[in-house]
Amino acid sequence: MSVLVVGADEITPIKAVLNNLGADKIEHWDARNENRVNRKPIPTKTDCVVMLTSFLNHNTMKKIKSEAKKRKIPVVCAKRSVSHVYCEYCKIFGLNKECENCNE
């Protein structure tokens, strides 16, 4: 599975979680320069988009969600927390992982 992660500067712990959940290719856009991100299309072979919402402005989130919806790509919106990314990913993909925090 190919995953695009948008937002944040350093995502090494998040990459590890995504790898454990089945992602073999992970591309990261830090979104520091919103104009550059807003003009880039989502890569063609992307199976999922993970948006780290703590680091994105509303226009960037709207643009990415809109493009993903047109292409029927699932979008995971999470804060930049490994546990939050894990829980939201499991919810979107229907993975029945035992997680106390996910069930709240």
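Quick caveat: nothing in here was measured; it's all calculated off a predicted structure.

Draft legend 1. A look at the overall build of the protein chain. A tally of helices and strands in the protein chain yields four helices and four strands. Helices and strands in the protein chain line up, N terminus first, as β-α-β-α-β-α-β-α. Taken against the 2.2 N^0.38 rule, which gives 13 Å for 104 residues, the C-alpha radius of gyration of the protein chain at 13 Å falls within 12% of a compact globule. Considered along the principal axes of its C-alpha atoms, the protein chain spans approximately 40 × 25 × 25 Å. Out of the 104 residues in the protein chain, the part that is buried amounts to 39%. A separation threshold of at least 6 residues defines the contact pool for the protein chain, and within that pool the share at least 24 residues apart is 57%. Charged side chains of the protein chain number 18 positive and 12 negative; the gap between the two group centres comes to 9 Å.

Draft legend 2. Representation of the pairing of strand β1 (residues 2–6). Burial analysis of β1 places five of its five residues in the buried class, which makes it a mostly covered element. The alternating pattern of β1 places Ser2, Leu4 and Val6 and Val3 and Val5 on opposite faces, both of which are buried. Note that β1 and strand β2 (residues 25–29) share five bridges and pair parallel. Across the sheet, residue Val5 finds its bridge partner in β2, namely His28. Where β1 meets strand β3 (residues 48–52), four bridges bridge the pair, whose relative direction is parallel. The partner of Val5 across the bridge, within β3, is Val50.

Draft legend 3. Up close: the environment of Glu88. Summarising the element assignment, Glu88 is placed in helix α4 (residues 82–93). For Glu88, a relative accessible area of 18% corresponds to the buried category. Spatially, the C-alpha atom of Glu88 lies 9.4 Å from that of Val50, the residues being 38 residues apart in sequence. For Glu88, the residues in contact, after removing those within four places along its chain, are Val76, Cys77 and Ala78.

Draft legend 4. Main features of the pattern of salt bridges. Considering all chains together, one arrives at five salt bridges under this definition. Glu67 serves as the salt-bridge partner of Lys63, at 3.0 Å between the closest nitrogen and oxygen. Placement of both Lys63 and Glu67 in helix α3 (residues 58–70) is noted, with a separation of four residues, approximately one turn of the helix. With a relative accessible area of 23%, Lys63 lands in the partly exposed category. Note that Arg71 is salt-bridged to Glu67, the shortest N-O span being 3.4 Å.

Draft legend 5. Just helix α1 (residues 12–20), in detail. Buried residues of α1: Ile14, Val17 and Leu18, and no others. Along α1, the residues classed as buried sweep out an arc of 100° about the axis, all on the same side. Its buried side turned inward, α1 meets β1, β2, β3 and α4. Just downstream of α1 lies Gly22, where phi reads positive at about 110°.

Rules of the game
- Residues numbered from 1 in each chain as written.
- Predicted model: local features only at pLDDT ≥ 70, side-chain atom pairs only at ≥ 80, totals over all residues.
- Heavy atoms only, no water.
- Helix = DSSP H or I, 4+ residues; strand = E, 2+ residues; numbered from the N terminus.
- Rg over C-alpha atoms; globule rule 2.2 N^0.38 Å.
- Buried < 20%, exposed > 50% of the residue type's maximum accessible area, 1.4 Å probe, protein only.
- Contact = heavy atoms within 4.5 Å.
- Lys, Arg positive; Asp, Glu negative; His and termini not counted.
- Charge placed at Lys NZ, Arg CZ, Asp CG, Glu CD.
- Pairing = 2+ DSSP bridges.
- Salt bridge = Lys/Arg side-chain N within 4 Å of Asp/Glu carboxyl O.
- Arc of directions from axis to C-beta.

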